[in-house]
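Examination of the molecular architecture
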Amino acid sequence: MSDDATERSVSDHYGAWTLIETIEKALRGAGIEPAHATVEQLAALDHFHSFGLAGTLELARRVAPTPGQRVLDVGGGIGGPARLLASRYGCAVTVLDLTPAFCQAGETLTGWTHLSDRVSFVCGSALDMPFSDSDFDVVWTQHAAMNISDKSRLYREAHRVLKPGGRFALFDVMAGPNQPIHFPVPWANDPAYSFLLPPDEVRALVSAAGFTALSWATGPELAAGLQSAPAAPPSPADSGISPGPGVALLMGADADVKIANTMRNTKEGRMTIGMGVFARV
Ligand SMILES: C[S@@+](CC[C@H](N)C(=O)[O-])C[C@H]1O[C@@H](n2cnc3c(N)ncnc32)[C@H](O)[C@@H]1O
């Protein structure tokens with residue numbers, strides 16, 4: 001499949017239903033007036049990756065962004081991580097995402113949380129980033145590379161748009177020692193647009209793109225740290241969101257099967273996670 005055909009499949013996969021209406025209804029059902037929602041109240045549903053908010057907070061701790069820095073979130077989805085980096089760290093964040101429905105929902109959620117002056121959305125491809133060279137202080141990506149076959153190009157693009165000395169932060173699903181994985185999973189219904197690589201291969205490709213590793217963690221050790229992180233995803237009571245709505249809202253009607261397969265793939269050593277921060281040489 002060509003990169004263009006893959007990108008159409010990915011965008012269809014994530015953008016197949018009326019997302020913002022679904023989120024709005026779920027928030028109202030949980031007693032939250034959408035236009036007054038806070039970043040914290042949305043956190044159970046808008047960090048679309050393993051360990052949710054805890055994953056974002058751990059990556060942010062490792063990168064340590066500072067106020068005013070320009071951050072690019074590649075494959076940033078509906079923008080939960082971007083809003084967190086803007087509201088807690090004072091960064092100016094650009095979300096680049098392939099899926100128009102996610103970009104539109106992200107803009108609405110950003111308006112509701114009064115962060116439109118610091119978070120913006122660009123609908124486009126991570127393989128052809130519509131930005132100039134040396135544009136950003138931090139390039140950040142969580143759980144998007146599993147939909148991208150040409151990871152060398154992804155990492156070279158990240159390098160190109162980063163300023164010299166800038167940081168590249170990634171948190172991704174990777175291949176475990178036992179293949180193949182069971183489908184459907186949250187990022188793909190079938191293998192046609194799922195491209196997991198083992199952690200060592202990911203790290204080698206990032207290095208080959210011109211980065212030096214500052215931190216790197218994978219597998220059960222990383223998972224255990226995230227599981228026990230003090231800033232774990234808020235409980236439904238903390239977030240004001242009832243137990244029903246959450247990130248499963250973004251996965252469609254078969255969310256339960258996708259979540260169950262994710263757990264099974266992890267348990268059977270078919271998938272793992274990796275997190276790293278790299279300096280642009
Ligand atoms: C599982 S979601 C993760 C969203 C977000 N990073 C987060 O952690 O909340 C994967 C996202 O990657 C985006 N994506 C996948 N392939 C992409 C590509 N080639 N270029 C840009 N975005 C891409 C999808 O549209 C989707 O929004």
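Residues numbered from 1 in each chain as written. Predicted model: local features only at pLDDT ≥ 70, side-chain atom pairs only at ≥ 80, totals over all residues. Heavy atoms only, no water.

1. Considering the overall build of the protein chain
Note the threshold: Strands here mean DSSP runs of E at least two residues long; helices mean DSSP runs of H or I at least four residues long; both are numbered from the N terminus. Each radius of gyration reported is based on C-alpha atoms, and the globular scaling rule is 2.2 Å times the count of residues to the power 0.38. Buried means the residue's accessible area, taken with a 1.4 Å probe over protein chains only, is under 20% of the maximum for its type, while exposed means over 50%, and partly exposed covers the values in between. Any two residues whose heavy atoms approach within 4.5 Å at even a single point are treated as in contact. Here the Shrake-Rupley method, with its probe set to 1.4 Å, supplies the accessible areas, and only the displayed protein chains count as covering residues. When charges are tallied, Lys and Arg are placed among the positive residues and Asp and Glu among the negative ones, while His and the ends of the chain are skipped. Note on charges: their place is set at NZ of Lys, CZ of Arg, CG of Asp or CD of Glu.
Helix and strand content of the protein chain: 11 helices and 7 strands. The C-alpha atoms of the protein chain give 17 Å as radius of gyration, which agrees with the globular expectation for 281 residues (19 Å, within 12%). For the protein chain, the spread of C-alpha atoms along the principal axes amounts to about 50 × 45 × 40 Å. Within the protein chain, the proportion of its 281 residues that are buried is 55%. Long-range pairs, those at least 24 residues apart, make up 81% of the contacts in the protein chain between residues at least 6 apart in sequence. When the accessible surface of the protein chain is summed, it comes to about 11500 Å², and 54% of that surface belongs to carbon and sulfur atoms. In the protein chain, 21 positive and 29 negative side-chain charges are present, and the distance between their average locations comes to 4 Å.

2. Notes on the sheet that holds strand β2 (residues 92-97)
To keep things clear, this is the line we draw: Strands are labelled as partners when DSSP assigns at least two bridges between them. Geometry is summarised by axes, namely lines fitted to C-alpha atoms with helices restricted to the contacting stretch, and by angles between N-to-C directions that run from 0 to 180 degrees.
Strand order in this open sheet of 7 strands is β3-β2-β1-β4-β5-β7-β6, and the pairing throughout is mixed. For this open sheet the edge positions go to β3 (119-123) and β6 (211-218), each flanked by a neighbour on one side alone. Across the sheet, the mean angle separating the axes of adjacent strands is 15° when strand polarity is ignored. In the packing of helix α9 (residues 219-227) onto the sheet, the strands contacted are β5 (162-175), β6 and β7 (271-280), and the crossing angle to β7 comes to about 85°.

3. Brief notes about helix α11 (residues 255-267)
We count it as follows: A helix is expected to reach a length of 1.5 Å times the quantity of its residues less one. Throughout, the arc means that of the directions going from the helix axis to the C-beta atoms.
The end-to-end C-alpha separation of α11 is 18 Å, in line with the 18 Å expected for 13 residues at 1.5 Å each. When α11 is considered as a whole, its buried residues turn out to be Ala 255, Lys 258, Asn 261, Thr 262 and Asn 265. Down the axis of α11, the buried side of the element spans an arc of 125°, and every buried residue falls inside it. Summarising the geometry of α11, the exposed residues directed more than 90 degrees from the buried face are Asp 256, Met 263 and Lys 267. At the exit of α11 stands Gly 269, carrying a positive phi of roughly 70°.

4. Remarks on empty space enclosed by the protein
For clarity, the cut-off: A 1.4 Å probe that fits but cannot get out identifies a cavity on a 1 Å grid over protein atoms alone, an open set with protein on both sides within 12 Å along at least five of seven lines counts as a pocket, and a residue lines either if it has an atom within 4 Å of a point. Grid points are joined across faces, edges and corners, and a volume is the space filled by probe spheres set on the points.
Evaluated as defined, the whole model comprises 1 cavity of 30 Å³ or more. What the largest cavity holds in volume is close to 50 Å³. Around the largest cavity, the lining residues are Ala 145, Met 146, Lys 151, Tyr 155, Asp 172, Val 173, Met 174, Phe 195, Leu 196, Leu 197 and Val 202. When residues of the lining of the largest cavity are traced back to their parent elements, those giving at least two are α7 (151-161) and β5.

5. Some thoughts on the site of the ligand
Spelled out, the test is: When we say a residue is near a molecule or strand, we mean one of its heavy atoms is within 4 Å of it.
Near the ligand, the surroundings consist of 24 residues, among which Phe 48, His 49, Gly 75, Asp 97 and Thr 99 are the closest. Protein chains shield 99% of the accessible area of the ligand, which is 600 Å² for the free molecule. Counting residues per element, the shell around the ligand draws most heavily on helix α1 (residues 3-14), at 3 residues.

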